[in-house]
Structure formats: structure tokens, C-alpha cells
Amino acid sequence: MDAILEFIWLLIRIGLFTLLPLILMVAYYTYAERKVIGAMQSRIGPNRVGPLGLFQPFADVIKLLLKEIILPKEANRYLFLIAPILAIAPAFGVWAVVPVGDGLVWADLNAGVLYVLALSSMGVYGIILAGWASNSKYALLGAMRSAAQVVSYEIALGFSLLGVMILAGSLNLQAIVNAQSGGMLDWYWLPLLPMFLIFFISALAETNRAPFDMAEGESEIVAGFHVDYAGASFAVFFLAEYANMILMSALTAIFFFGGWLSPFEGWAFLGDSWLRDSSIFWFLAKLVFFMFNFLWIRATFPRYRYDQVMRLGWKVFIPITMVWMLVAALFVFNGIVVRGA
Amino acid sequence: MNKIIRYFKSLLMIELFQGLSVTIKHMFKPKVTVFYPEEKIPKSNRFRGIPALRRYTNGEERCIGCKLCEAVCPALAISIDSEMRSDGSRRTTLYEIDLFKCIFCGFCEESCPVDSIVLTDFADYHMEDPKESVLNKQQLLALGDRFEQSISKNRQQDAAYR
Ligand code: SF4
Ligand code: SF4
């Protein structure tokens, strides 16, 4: 009995401290996206619903939920409905091992990085199944593109994380963050600069965001894999995409930008100010920074051509990461970066 | 040599960062949005909006049922029927414009010998039922009455250039 109560209590806490903030963040991320991209195009974005348009996300959610869920006649019902869930579950599941502050993590896994890689590649199953189950050529094409793209960029993503593992000497996310302590210049973005860039660009590709939104490709294949989805089931895909973006921003912050560590840790002249303390605040600041970059990049670059995406992944990113893995190993070997410290 | 320079340029993503700097600069520039229903941009006096039928100042409708507009309309949006009125003049019994067909080209206005059919500068209308897209004679005349001032003002301003 006690065990059951404890389990329920745990579920409530997970819901309260991870799911609810995530969903709220997604809601306001969509709002921020429209505002930021609007501003970059000299527009002002949504401003009608509530002050400054702040209630816009809720209006959108209500609209989506009130709409009819359309089941295409030829679709595979079961897979069609389960696909959005398969897309969103990994996006939330990875947060189990993501430390948002010192010790603030649900599961302190020793193989955290593996768990992250395994789950984040699960998300593509939702997309493939959605495309296949809708039984429409556009959806299928979108799903195929997405699968090919995610598989190729997963390799670059994994290789760039290998560099992090070499320097940190651990697969535990908390240990990786702690290994970066010492201030801005001790974070791994500096010794692993190419890997950091490749990781972030691959993250764009993994989340199917512009300029790698091949899976959606509005101008060529209408909306790709979710062309047949409507109402609530579409909302779930939407949620998954944005949750994935938030997740990737969090991972970038943890692997390359010292997670919750303060950038001014080593700056003695700042005295005892809170700026030098590592706290969840710094994690959120970095998270928001990378989330902003997602929007910034979307506002700037047009979509890649499909063959160019493949070329970039296989012929540019993977060789560079392989070479830089050797460089990272040399860094550790020569003591330029002290392993795990 | 050029090839090598190009290679390094793309490797260092110089052009991509240039692009990013353009967008971030625009983010802080003043916005050009017009708050539409509250604010409107000025319209030309040749603006072609919803069609209307005009009347003479004594209240008599101008249209003489010559069907020139019906003949010239490239979208076949106008349908006209006419009859002899009790005073012996020819008048339309049916004058309809389908707004879904009309392309607002203004040919009907050009062709009309008595300046009866005109395009007003009013374009902010909507309909709640697809059937409402067909304007009948009464509606067109009412539109003409409603916008007579702006119609005649615009025609006067433009007269010198015609
Ligand atoms: S504006 Fe052009 S399309 Fe419209 S009714 Fe007149 S002639 Fe026809
Ligand atoms: S509106 Fe003008 S052109 Fe058309 S039938 Fe009447 S008089 Fe003739």
C-alpha cells in the first residue's frame, strides 16, 4: 500500500515539476516563435488575444482541441492514433535523466548519454508510423525523408557526443556537467567547438526544424507526415516537435555549456554575488538562449534541398566529428583539457 | 585558390553568420505593421472595391438597361433583364452581380454610358453565407446611396486625367 502511495506521489511530483512546466514552456515557445520570427520580418506577431497577445497559445490549444479528429478511410486506425503518442513520449521521457540543477534530476543514470541517444531516436518511429499509417503519398514521402534524415544525423550527433564523453570520462549527465566546472572557458564548447556546432545543427535536423524541415516541406509535400492529422492528434505532433526543441536546447546546454554552472565561476573579482553561484537560473538562461537560436535560425535560412541535407550529414559532419574526436583524445592525452575535472 | 577560399568560407559558415546578423538587426528595427481595423493605409481614388449602382440627384436610377456592362464583363459576373417601365423608358428588372465571379476589373464602369455602375473604394465587406455573394439591384442601389459622396469625390479628383 505504501509503495503504491509513494508511486502515486512520485507521479504527481513528476507531473508538477517536469510535465506541467514543459507543457507551459511549449505553449509559450510557440508564442515566442511567432513573436520572434515576426520581429525578424519587421512584423509584430500575435497581439490580439489578451495583453500583447499573451493568451494566444491558449486560444490555439482550445481551437485545436475543439476540432474534429479525422480518420482517413484507408488509414490504419490503430497505428494512426498511436503514432502521435510515440512521437511525444520520448520527448518527455528523456527529461528523466536531464539534470536541471545540482542533483535536480529524476534518475541519476550512469549511462545517461546512452539513454538520451536511445530515446531521442525513438521519436522518429512516431513520424514514420504516422506517415505510413495515413496511407497517403505525401505523408509517406515525408516519413521517408524524415527517417533517412534522422538516421544520418543521429550518427553525427552521436559522434559529437563521443567527444564530450572523451573529455568528461563519463556517461552520467551530472558528471559531465560537473567535469566542466571552472567558468565559461572551461565549458566544452571551446575545446569541442566544431563538435558543438555540429551537435546543434544535427539537433536542428533531428527535430525536423528549418532549415532541415524536409519531413514537413510545406512547399513540396504539403505538410509531410502529419498531412492527414487534425485537431487533437495534430496538436500532439505539434507538442512533440516543440518539446523536442526544448529538449535539444537543454542537451546542448548540458553537454557543451556547463548545464547549471555559472559562466563566471572563476571570476574572483565579482565577489560573492549570486552571479558566481551555480543554480537552476543559469540552466534556464542557457536553455532560453538555445531555444532562441532555434527560432533565429528558422527565421533566417531557407530549406535545404534534400540531397544537400544528405551530403552535409554524411560528407561533412561525420568526417569532421571523426577527426575532432582524435583531436579531443589528443587534448586529454597531452593534458590540455584535464579529464573529468 | 578560389576553390580553397570558398571551401573555408563554407566550412566557417561565414555567409550563414552574415545572414543571422541581418535577421537579428531586423529584430530591433521599428515594425511596419498597420493595425488594420483601427488603422488604414490611404487608398487611391482609382481604388476598385465593391460595385454599386448610382442614381441621379433627383433619385432616378441612372441605369438604362443597355447591357453594355453585361457584355463587357470578362468574368460574366453581371446578369441583366430589362422591361419597359410605365413611363415608356427602358429599365432593368433584374440586375445582379456575383461577387465571387467579379474580378474588380472596372470594365463595367468604363463601358457604362451613364456612369451608372461604378466600383466604390469600399473593400472591407464580408458575407456569412455563400448565397449572399450575389448582389441584387436593391443592394447595389443601396450601396450606391451609401457611398455616393466618396464615389463622386473620387470621380471628380480623377476627372482631369481621363
Ligand atoms: S468589375 Fe469587371 S468583373 Fe466585376 S462586374 Fe465589372 S466588368 Fe465584371
Ligand atoms: S449599368 Fe450602365 S452599362 Fe450596365 S446596363 Fe445599366 S446603363 Fe448599361
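Residues numbered from 1 in each chain as written. Chains lettered and ligands numbered in written order. Predicted model: local features only at pLDDT ≥ 70, side-chain atom pairs only at ≥ 80, totals over all residues. Heavy atoms only, no water.

Among soluble globular proteins, nonpolar side chains are generally buried collectively. The biggest cluster of nonpolar side chains holds 92 residues, and the ones touching the most others in it are Val98(A), Leu251(A), Phe255(A) and Phe256(A). Shared between two domains, this core takes at least three residues from each, and those domains are domain 1 (1-66) and domain 2 (73-333) of chain A. When near neighbours in sequence (up to four residues on either side) are disregarded, Val98(A) contacts Leu104(A), Val105(A), Leu173(A), Leu247(A), Ala250(A), Leu251(A), Ile254(A) and Phe283(A). The next biggest cluster of nonpolar side chains, apart from the first, holds 25 residues, and it includes Ile50(B), Tyr95(B), Ile97(B) and Leu143(B). (Core = buried A, V, L, I, M, F, W, Y, C linked by side-chain atoms within 4.5 Å. Buried < 20%, exposed > 50% of the residue type's maximum accessible area, 1.4 Å probe, protein only. Domains from an automatic or database assignment. Contact = heavy atoms within 4.5 Å.)

Attention now moves to the layout of surface pockets. If you add up the space inside the largest pocket, you get close to 1500 Å³. Forming the walls of the largest pocket are 44 residues, and the residues nearest its centre are Ile201(A), Ser10(B), Leu11(B), Met13(B) and Leu16(B). Taken together, the residues that form the lining of the largest pocket break down as 33 nonpolar, three polar and eight charged. (1 Å grid on protein atoms, 1.4 Å probe; cavity = no way out; pocket = protein on both sides within 12 Å on 5 of 7 lines; lining within 4 Å. Points joined across faces, edges and corners; volume = space filled by probe spheres on them. Nonpolar A, V, L, I, M, F, W, Y, C, P; charged D, E, K, R; others polar.)

Here we come to the interface of chain A and chain B. Often the size quoted for an interface is simply the accessible area lost on bringing the parts together. At the interface, 17 residues of chain A touch 15 residues of chain B. Inspection of the chain A/chain B interface yields one salt bridge. With its nearest N and O atoms 3.2 Å apart, the salt bridge here joins Glu38(B) to Arg48(A). Every element with two or more residues in the side of chain A that touches chain B is listed here: α1 (2-40), α7 (193-206) and α10 (280-300) of chain A. If one sorts the elements of the side of chain A that touches chain B by residue count, α10(A) sits on top with five residues. Partitioning the side of chain A that touches chain B into residue classes produces twelve nonpolar, three polar and two charged. (Salt bridge = Lys/Arg side-chain N within 4 Å of Asp/Glu carboxyl O. Helix = DSSP H or I, 4+ residues; strand = E, 2+ residues; numbered from the N terminus.)

All names here are of chain A. When its domains are assigned, chain A resolves into domain 1 (1-66) and domain 2 (73-333). Look at where the C-alpha atoms of domain 1 and domain 2 centre, and you get two points 20 Å apart. Linking domain 1 with domain 2 are two salt bridges, by the criterion used here. The shortest N-O distance in the salt bridge between Glu 33 and Arg 209 comes to 2.5 Å. Taken together, domain 1 and domain 2 are joined by five residue pairs in polar contact (both at pLDDT 80 or more). Secondary structure elements with two or more residues in the side of domain 1 that touches domain 2: α1 and α2 (56-66). Here the side of domain 1 that touches domain 2 takes 17 residues from α1, the largest share from any one element. For the side of domain 1 that touches domain 2, the per-class residue count stands at 15 nonpolar, two polar and two charged. (Polar contact = N/O pair within 3.5 Å; in protein donor to acceptor, adjacent residues only side chain to side chain.)

Here we come to the pattern of salt bridges. Note that side chains of opposite charge can pair when their charged atoms are close. Throughout the structure, instances matching the rule amount to 15 salt bridges over all chains. Arg34(A) serves as the salt-bridge partner of Asp60(A), at 2.9 Å between the closest nitrogen and oxygen. Separated by 26 residues along the polypeptide, Asp60(A) in helix α2 and Arg34(A) in helix α1 bring together distant segments of the chain. As a salt-bridge pair, Arg54(B) and Glu148(B) come within 3.0 Å of each other at their nearest N and O atoms. Residue Arg54(B) is located in the loop between β1 (51-53) and α3 (68-72), and its partner Glu148(B) is located in helix α5 (residues 137-159); the two are separated by 94 residues in the primary sequence.

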